[in-house]
Amino acid sequence: MTMDMFQPQQASSMLVSNVWDDLWWRGTTGASTFADGIDTIFFFIFWVSLLFFIVLMGLMVLFAWAYRRRQGYGPESSASHNTTLEITWTVIPSILFLIMFLWGFKGYLPMQIAPSDSEVINVSAYQWGWEWTYDTGAQTQQFEVMADVPSPVFAVPVGRPVKLIMSSRDVIHSAYISQFRVKRDIFPNKYTTLWFQAEQTTHYFDEEAGEALPISPDNKGFHLACTEYCGDQHSQMWGRIAVMAEADYQAWKAKMGTFEGPLHELGKLLHTTKGCAACHSVDGSQKTGPTWQGVWMEPREFTNAPGESYADETEYRNYMRESILEPHKKILAGYPNQMQSYQGQLTDREMLGLLVYMKTLSSNPDDVSAAMAESAAEMEAREAGESESEGGEAAAEEMS
Amino acid sequence: MSHHDVSYLAPKETGWKTIWSWIFTVDHKKIGVMYLAAVLLAFLLGGIFAIALRLELWEPVKTLADGTVTGQVLDLGAGATANNWYNRAFTLHGTVMVFLFIIPSIPASLGNIFLPIMLGAKDVAFPKLNLFSWYVYVFGGLFALYAILAGGVETGWTFYTPYSSTTEWGSVTAMVLGAFILGFSSIFTGMNFIATVHKLRTPGMGWFDMPLFVWALYATSIIQVLATPVLGITLLFIVFERMFQVGVFDPALGGDPVLFQHFFWFYSHPAVYIMILPGFGVISEMIAVHCQKKLFGYKAIAFSSIAIAAISFLVWGHHMFTSETPAANAIFSALTFLVAIPTAIKVFNWIATMYKASIAINTPMLYVMAFLFCFTIGGLTGPPLATLAVDIHLHDTYFVVAHFHYVMMGGTVLAFIGALHHWWPKIFGKMYNEFWGMMGCTLVFVGFNVTFFTQFFLGTQGMPRRYATYIEEFTSLHQISTIGSLILALGLFVHLGNFILSLVSGPKAPRNPWGGLTFEWEADAPPVEHNFPKEPVIVHGPYDYGTVTPPHTNPGEFPLNDERPSA
Amino acid sequence: MTAINPDTGGQPAKREPWEDYTHQHHWRNGADEFDAAKLGMWLFLATEVLLFSGFFCAYFVFRMQFPENWHEASRYYLSWEIGFANTCVLLLSSFTVVLAIRAAQLGKKSHILFWLLITQLCAGFFLVVKLGWEYWPKIVKDELPGANFAYGERAAHVLEHAAANGIDQAVAMNEVARDHIFLSLYWVTTATHGVHVLVGMIVFAWCMYRAWRGHYGPKNYIMLENCGLYWHIVDIIWIFVFPLYYLV
Ligand code: HEA
Ligand code: HEA
Ligand code: CUA
Ligand SMILES: [Cu+2]
C-alpha cells in the first residue's frame, strides 16, 4: 500500500495510534481544525464497537466449540430468559449511543457557523468541474492531472478560516475535502456554505513558475472531490487544495488575477478553467459535446433547426457565439441538449479568445496562421494602448 | 390418489397440464418456488453487474503519453462514454439488487412457502392475489429489463432529482415505472401475510405460539404496506416530471430537489428493515433448530421486530445530513440511535441461545455464524454514520458502501442462503451435499470480507462512491476488493452447482433432518398439496427444544436436555 | 327450495348463486373469510391514503413557502362552485353505495342494481364536470403543469390589478411566480383522484354484472362491501382535496 508521508504529526489523542491513523486516514489526521475532533469521535465509536465485537464473536466461537454436538449428548438445561441480563444489555448500549449522539452533535455544530473573519470564496459547481472566485475576482489558472483530466488547483491560506459560498449551475453536486473532514451539498436553487481552517502548509508560491508548488514531493496537497452523483464525469470532478502561508497565498491570488498572454492562449486557458474541457476535446476524441478540432467553418446539422453552411466567417462566428450564450437554440445533431448557457460569464475579450483559439484548431492551415496573426495583432494593439494610458488600468486584463 | 396425499411438486398427467398447473397455480408453495427462481435470477443479474463494477475499478483510467488509454474495462462504445458504462452498471446493480432481488427475496419465496405451513394453514389468506402479485413482479421485472436493454439508466438507485428528471440518457421513465409496479407486488404480498397471520393461525395458536419467522414477516409486511405507497408516489412524481415537466422537484422550474430526497428516504429507510427483518426471522429459526435450544428471550426478539418496524419510519433524514439543516439533522441523528437498540437486543439473544446448546456444524449453522459475524460488523458501522460529525466525513464514500453491503449482503443474503440450505430438503424433498455446502460457505465468507472490509478503509481515506475512475492513491485497496469479489462469486457458483446437483441426483430427504419443532417439520418432504393431510394441532411451543422430542426423527438422534449416553 | 322471493313479485324464485355460497376451501369458516377480506381491504385503503398523503405533503411544503401565491392561484384558476357541485355528487354516491350494500344484505337484487346505477351516474357526472368544465378550459388556456404553463390571460389580469392598486409590475408578477407549481400539484392530485374514480366505475360495472347474475345476497356481499369501502376512501380523499385546492 502506498502511503502519503506527511510531516511528523502528533497523534491528536490517546485514542489514535499511528498505525491506525495510517490505515484509516492515510496519515492525514490534523489537516484541518475539525479533523482531530472528528477522528477522536470516530475512534471512540471504533473502540467501543471493537470491544463489543470481540466479546460477542469470542463468545460465539467459544460456544460453538464448547457446545458442539456430540452423538448421544443433549443440550444442557439453562434459563431461556433472564430479566437482569436483558435489561443490562439494553441499558448499556443505550447509554453508549447517547454519548455518541451528543458528542457527534457537539462536534457538528461548530462546522455549521463560519467565523465572521473568514476568507470568503465563491464556489460554482457545474457538470463537471469547479469554479472558485476569490475576493479579488481571481480564478485559478493552474492545473494538474488528477483522475486522468486536468483538474484545477485551488489555494487556501493556512491557519485562518476559509468560507466557501457555493451554488450549482445545473444539478446537485457536493464539495468534499476528505482530509479536512468537511462536506456539503451544492444546489442549483440556493446557496450553501462550508468552512474549514487548514492546519498544514503543503505548498509555496514559486515566483518563477508563477504557480503553487508542493513543499515536499510526498505531500501534494489535499483532495477536493464531488460526492453527489451528477452524471457522466462525476468521478472526474477532482480538484487540488494547496494550503499556503499567508504571503504566498496573497502572491498566488495576485498572479491568478491577471492574464497577460495573447488571445489564443487565453482561449486555451478558458477551455480548462471554464470547464469546456469536460465536454469538448481539442484532439478530435469523443466526449459529451462535439470536438473543437477540425470543425472551423464546417457545415452543421441540427436536431431542432434546419442545417446551416457558412459562407463567410462573421456568420460562422455569430453561430459560435450563439452556441456559447444560448446553446439550447440549436442542438447539434447527435448530441444531447446538455450544455448550460455561459451568458454573463465571459468578457468580450474572453469570448474573442475562445473563438480565436477554436480557429487555431481548424484543419485548414490558412485558418491557423490567420488566427495566430489576429492574436499577435491584438497583443500589439493592447501593449500600445497600455503605454498610452499611463499606469493604465490593468482592469481590462483582469479576468471577471 | 386424491390431491391430499400427493406432493405439491408431483407432475400432472400430461406435460401441458403440469405447466398449466404451475402458471395458474394458487398454491402458495408453487408460487413461492416461482418467486425463488425469479429472485435468484435477479440476484445473478445484479451479481453480473457487480463483478463488472469491480473489474472496472481494478485500475484507474489513465491516458498514457502516446495516447493509449489503460484501465478501461467497461468501454463498449455504442455512443456512450466509458464512464457512462460504469454509471449504468452501478445503477442497474443497485436497482436490480434492491427492487428485484432483496426486497422480495426472503418474504416472497421462503415466506410464501413457510408462513402458512408454520401457522398450520392450508394457504395464505388470498391465494389469487398471491399469484397476481407474482405476475405483477414479473411484469415490473420486464419493465426493468426493457429499461436495461433500451439504453439502461445512469441515475443511481436513488434517482435524485434534478439529475434523474432531466438526464437524457437511457430509459429512466421505464425503470421508474418498473420499480413502481414492483412496489405493488410488494404491497400485495404484505397485505396477504398480515391477513394470514391474523386469520389463519391453527386453532389454539396464540400470538406467542408463533414461530419468530412469522413475527418477522408480520413486522416486515407492516412496513411494506405502510411505506411502499410513498415510494409509489415519489416514483410517479418522477414520471410526471419527465413526461409533463411538472417541476415539483426541479429547481429550474421553481421546485425543490430536497423534497424529493425526503420522499425517497421516507420509503427507502424503512425499506432497509424490509430487507433485514426476514433475515432476522430465518436466523432465529435456524439457530434454535441447529442448537436444539429454546430461543433466549423469545418475547424480546418478537417485540424488537415490531419496535424496529415502528421506529424505522422516523429516521429517514440520516441519509441527508449534508443536504439538510442542523436542527433536522440533530433530530434524525438521535432517532437513528434509537432504532439500533432493538437490533442490538436481537444479536445478544442469538448469541445467548448458543449457551449450553448442542450445536450442529453444518451449512445452515455455518451461515448463521457467518451472518452473526458480518451483520454485527455492518450494524456496528451504522452508529458512526448516525453520528453527525463523523457522517459529514463518511457520507457518500465507500464507508457507506461497505456498511450497506455488510448489512444487506453480509446480513440478509447470507441469512437467505443459509435458510435455503436449511429448508431445501423440505421444499424439494432432496438433500444437498454437505461438504460442498460448507465449502461454498467458506468461500463466500472469505471472499465477502476481503471485498468489503477493504472498502471501510477506502471510505475513511476519502474515496467517494459512484466513481467510475479514481486517483491513483486508492489503487491497491481497490485491487484487494476486486480479488475478494471474485472469490465471493466463486463461492456462490459452488452453491448454485450444489443445488442443481441436488435437484438432479440428490438423495431423498427425511421429513425432519434437523430435528425441528415448528409445523413445517411435521409435513411431508416435500409437503402435500394442502400442506397437511390433517389439520395439525398445537401441543408444544415452537422452540421447546430439549423438552420435546422432534417429530419424525429416530429415537436418540436429538436427545433431550441433560441426556447423556448411558455408559 | 320453495322460498318465496319478495323481490320477484311473489313468484317462486330461481335459486340464486349466492344462496349456495360457501367459503373457499382454505378457510375454516365463512366468518374468518369475511373478516380477512375486510382486513385486507382496510390495509389496501391505508396504502391509498398514504399514496395521496404524498401529494398533500408536497402541497403543504409549497403552500407554507408561498401562502399568498397559493391563495391567489386558487381564487384565479379554480371555481369553488364547480368543486362544490362535485363534492355533493360524490357524497351522494357514497350514500347510494351504502344503500346498495343494504339491498344486498336484504337480498333485493333489483335494488342493488338500482342503487349501483345511481352511483355510476354520480361518478359519471363527476368525471364529465371535471373534464368538460375544469380540465378542458384549462388546457385551452395553457393553464398546464410546470414547464407547459403559460401566463396568458393571467398576466394581463395580474398587471391590470397591479396598475389599479399602484403596485410595481415586477413585484406583482413575482407574487404569482409559483402558479405553475400550484397547477402542477392540482393536476397531478386531481388527475390521480380522477383515475381512482374511473377505476371505481369499472369496478362497480363489474359489481352490477355480478349482482345481475345473482351473486350478491345476505350470504355473500363482501365484494360489494369492499368496493363500497374503496368508494368511501375515494370520496374522503376528495373531501380533503376540495378545501385545500378550491377554498384556500
Ligand atoms: C439491511 C439493511 C440495513 C440495515 C439493517 C441498516 C442498519 C443501520 N444503518 Fe444503514 N444503510 C443501508 C442499509 C441498512 N442499514 C443502506 C442500503 C444504506 C445506503 C443507501 C444509499 O445511500 O445508497 C445505509 C446508509 C446508512 C446511513 C446513511 C449514511 C450516509 O449516506 O451518509 C446511516 C446513517 O445514520 C445508517 C445507519 C444505520 C444504523 C444506525 C443501523 C442500525 O440499525 C444498526 C444496528 C445494529 C448494531 C449497532 C449492531 C449490533 C449491536 C450491538 C452488537 C450492540 C453494541 C453496539 C454498540 C454499543 C455500538 N445507514
Ligand atoms: C442486496 C443488495 C446488494 C448485494 C447483494 C450486492 C452485492 C455486491 N455488490 Fe453492491 N450495491 C448495492 C446493493 C447490493 N450489492 C446497492 C444498493 C448499491 C448502490 C448503488 C448506487 O450507488 O446507486 C451497490 C453498490 C456497489 C458498489 C459501489 C459502486 C459505486 O459506488 O461506484 C460496489 C463496488 O464494489 C458493489 C459491489 C458488489 C459486489 C462485488 C457484490 C457481490 O456480493 C455480488 C455477488 C453475486 C454474484 C457474483 C452473483 C452470483 C449469483 C448466483 C450464482 C445466483 C445463484 C445463487 C445461489 C443459488 C446462491 N456494489
Ligand atoms: Cu459533481 Cu458529482
Ligand atoms: Cu437509513
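Report on the accompanying structure. Just so we're clear, the structure is a prediction, and the values are computed from it rather than from any experiment. (Residues numbered from 1 in each chain as written. Chains lettered and ligands numbered in written order. Predicted model: local features only at pLDDT ≥ 70, side-chain atom pairs only at ≥ 80, totals over all residues. Heavy atoms only, no water.)

Thoughts on the side chain of T291 of chain A
All names here are of chain A.
So, step 1. Within the fold, T291 resides in the loop between α5 (263–273) and α6 (313–325).
So, step 2. With a relative accessible area of 17%, T291 lands in the buried category.
So, step 3. At 2.9 Å, the side chain of T291 and the side chain of S281 are in polar contact.
So, step 4. If sequence neighbours within four positions are ignored, T291 has contacts with S281, V282, D283, G284 and S285. (Helix = DSSP H or I, 4+ residues; strand = E, 2+ residues; numbered from the N terminus. Buried < 20%, exposed > 50% of the residue type's maximum accessible area, 1.4 Å probe, protein only. Polar contact = N/O pair within 3.5 Å; in protein donor to acceptor, adjacent residues only side chain to side chain. Contact = heavy atoms within 4.5 Å.)

A look at the coordination of the iron atom of ligand 1
Residues and elements named next belong to chain B.
So, step 1. Its sole protein donor being H403 (NE2), the iron atom of ligand 1 sits 2.2 Å from that atom.
So, step 2. Here the copper ion (ligand 4) and the iron atom of ligand 1 are spaced 4.7 Å from one another.
So, step 3. Looking at the secondary structure, you find H403 in helix α14 (residues 398–428). (Donors = N, O, S within 2.8 Å, 3.2 Å for Na, K, Ca; no water.)

A closer look at the interface of chain B and chain C
So, step 1. Residue-level contacts link 41 residues of chain B with 35 residues of chain C.
So, step 2. Of the roughly 3000 Å² buried between chain B and chain C on both sides combined, carbon and sulfur atoms contribute 73%.
So, step 3. Inspection of the chain B/chain C interface yields two salt bridges.
So, step 4. When the shortest N-O distance is used, the salt bridge between K199 of chain B and D35 of chain C registers 3.5 Å.
So, step 5. Here the element with the most residues in the side of chain B that touches chain C is helix α7 (residues 212–244) of chain B; it accounts for nine residues.
So, step 6. In terms of residue class, the side of chain B that touches chain C is made up of 25 nonpolar, nine polar and seven charged. (Buried area = accessible area lost by both parts, 1.4 Å probe. Salt bridge = Lys/Arg side-chain N within 4 Å of Asp/Glu carboxyl O. Nonpolar A, V, L, I, M, F, W, Y, C, P; charged D, E, K, R; others polar.)

Remarks on the environment of W58 of chain B
Residue and element names in this part refer to chain B.
So, step 1. Residue position: W58 is located in the loop between α2 (28–56) and β1 (62–63).
So, step 2. Here W58 falls in the partly exposed class, since its relative accessible area comes to 34%.
So, step 3. Apart from the residues lying within four places of it in its own chain, the contact partners of W58 are Y470, T475, Q479, T482 and I483.

Quick word on the interface of chain A and chain B
So, step 1. Between chain A and chain B, the contact holds 86 residues from the first and 104 residues from the second.
So, step 2. Summed over both sides, the interface of chain A with chain B buries roughly 8400 Å², with 65% coming from carbon and sulfur.
So, step 3. Three residues, R69, P75 and Y229 of chain A, lead the burial of chain A against chain B; their summed loss comes to 10% of the area buried on that side.
So, step 4. Put simply, chain A and chain B have one salt bridge between them.
So, step 5. K356 of chain B is the partner of E76 of chain A in a salt bridge, and the nearest nitrogen-oxygen pair spans 4.0 Å.
So, step 6. Along the contact surface separating chain A from chain B lie 34 residue pairs in polar contact (both at pLDDT 80 or more).
So, step 7. Contributions of two or more residues to the side of chain A that touches chain B are made by α1 (18–25), α2 (33–66), α3 (83–108), β7 (182–186) and β11 (222–226) of chain A.

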